[in-house]
Amino acid sequence: MVKFIHSGDIHLGLKFKNVSFGGDKGKTRRLELWQSFRRLISYGIEEEVDIILLAGDIFESDFVTLSDLKRFADILSGAKKQEIFIISGNHDTIGSDSIFGRIQFGENVHVFSSDKLESFLIERLNTRVYGLNWDRKIKDVTGVLEDIKSEDGIKSILLLHGDINGDNDYMPIDIEYLKTLNLDYVALGHIHKPEIIAENIAYCGSLEPLDFGETGERGFIKGIIKENTNIEFHPFSLREFRMLDMEIKDDTTYEQLYDTILKNSEKGRNTNFYRINLKGFLPMEIDKILLEEELRSYFYHLELNFDTISIDLDRLKEENKDSIIHRYINSFTHEELEDPIYYDALTAGIHALLEGGK
Ligand SMILES: [Mn+2]
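Caption draft 1: Inspection of the overall build of the protein at higher detail. Secondary structure assignment for the protein yields 10 helices and 16 strands. Buried residues in the protein amount to 51% of all 358 residues. Accessible area for the protein stands at about 18,200 Å²; split by element, carbon and sulfur atoms hold 46% of it.

As structure tokens, this is what we get:
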């Protein structure tokens, strides 16, 4: 029996510069990546797993310092009874400047360092672990993987970082071909949404979600290989990104909207990142700045997105017959209103005119 955990896409070192929650929370998030990586290795030690698989994009290599690498090796050195395998992804590529080549690891840490398929046989576990580093030049992994042979009494694992949706720039992987290899487990990295593709193939997803593009649970895959392989997703991230859509009606009041938002975010709003997309028509009497200000204190992070709000133009024209508002709305053609820039101008203008009217 072989017990393993499979993680990847940790992106240690990421600066969170172009994110909506930048600044202090971005800096905090950067530290949280390290905390979760440390927790991951501790989990592996406590659960006495045999193997820890790291499927690429462990680092955001542009931002990695030598002390980061030392710290990384230091954390791994705590796992003395585990065999650890590391491949490179598209954010920590191999090559002459490979970051993994700059640091000394213990003997139980196996870093795949070539641009070919390599393997390590761990005799005490009767297990061979194959690994292929990410390489943009590889447009078809089929040819590269054909050296994989099944060996009597030896369990086989493969580490790969690439795209099963066929993106030609990110090392496309043919899942049907992977299934024919009859490996005991294939640990995939690259796609940040965890997915169990077959009973022996999975994407671990990002260990911690990185932005609002990564909503939902994040964690790692844990598994046991006996005669068969059993795997499951293990939620583990410190925080989640959550996106809620909320419908507003014509007659929704400030208090109703305030209550609905708090009610719908009750579980976990003090730890998770929230973005609430308001849909429908926002009644003019709801002050969005005040609303956001009042709600913010309840949340670890809140973004109220009003871009998804439409304006009921017909109603406004009806209510403001023969006024400047009516004429202003009519000055936009249908084609112009399809253009988001014109539409923004329209809404800004309407708000200004309505404010002026008061
Ligand atoms: Mn990644």
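Caption draft 2: Layout of the nonpolar core. Grouped together as the largest cluster of nonpolar side chains are 41 residues, with contacts concentrated most on F37, L54, F59, F72 and I86. Counting only elements with at least two residues in this core, the list comes to helix 1 (24-46), strand 2 (51-55), helix 2 (66-77), strand 3 (83-87) and strand 4 (109-111). The element contributing the most residues to this core is helix 1, with 6 residues. When residues no more than four places from it in sequence are discounted, the contact partners of F59 are H11, L12, W34, V64, L69, F72, H91, D92, I99 and F100. Listed in part, the 23 residues of the second largest apolar core include L145, I175, L188 and A198.

Caption draft 3: Geometry of the domain arrangement of the protein. Segmenting the protein into domains produces domain 1 (2-235) and domain 2 (241-357). Summed over both partners, the interface of domain 1 with domain 2 comes to about 930 Å²; 68% of that surface belongs to carbon and sulfur atoms. Ranking the residues of domain 1 by area buried against domain 2 places F21, K25 and F212 at the top, with a combined share of 61%. Our enumeration of links across domain 1 and domain 2 arrives at 0 salt bridges. On inspection of domain 1 and its partner domain 2, the count reaches 5 residue pairs in polar contact (both at pLDDT 80 or more).

Caption draft 4: A look at unusual backbone geometry. Here D9, not a glycine, exhibits a phi torsion of approximately 50 degrees, which is positive. Its location among the elements puts D9 in the loop between strand 1 (2-7) and helix 1. Under the relative-accessibility criterion, D9 is labelled buried at 0%. Notably, H11 is not glycine yet its phi reads approximately 60 degrees, a positive angle.

Caption draft 5: Seen up close, the sheet that holds strand 7 (residues 155-161). One open sheet holds the 6 strands; their spatial order is 5-6-7-8-10-9, and the pairing between them is mixed. Where the open sheet ends on each side, the last strands, each with one partner, are strand 5 (118-122) and strand 9 (195-198). Across this sheet, the average inter-strand angle for adjacent strands is 20 degrees, counted without regard to direction. Where strand 7 meets strand 8 (residues 185-189), 5 bridges bridge the pair, whose relative direction is parallel. Its bridge partner lying in strand 8, L158 is registered against V186.

Caption draft 6: Up close: the sheet that holds strand 1. Strand order in the open sheet made by the 6 strands is 4-3-2-1-11-12, with mixed pairing throughout. Two strands close off the open sheet at either side, each with one partner strand: strand 4 and strand 12 (229-235). The sheet shows a mean angle of 20 degrees between the axes of neighbouring strands, direction not considered. Packed onto the sheet, helix 1 meets strand 1, strand 2, strand 11 (219-225) and strand 12 and runs at close to 175 degrees relative to strand 1.

The rules we used
Residues numbered from 1 in each chain as written. Predicted model: local features only at pLDDT ≥ 70, side-chain atom pairs only at ≥ 80, totals over all residues. Heavy atoms only, no water. Helix = DSSP H or I, 4+ residues; strand = E, 2+ residues; numbered from the N terminus. Buried < 20%, exposed > 50% of the residue type's maximum accessible area, 1.4 Å probe, protein only. Areas by Shrake-Rupley, 256 points an atom, 1.4 Å probe, with all protein chains shown as cover. Core = buried A, V, L, I, M, F, W, Y, C linked by side-chain atoms within 4.5 Å. Contact = heavy atoms within 4.5 Å. Domains from an automatic or database assignment. Buried area = accessible area lost by both parts, 1.4 Å probe. Salt bridge = Lys/Arg side-chain N within 4 Å of Asp/Glu carboxyl O. Polar contact = N/O pair within 3.5 Å; in protein donor to acceptor, adjacent residues only side chain to side chain. Pairing = 2+ DSSP bridges. Axes fitted to C-alpha atoms, helices over the stretch in contact; angles between N-to-C directions.

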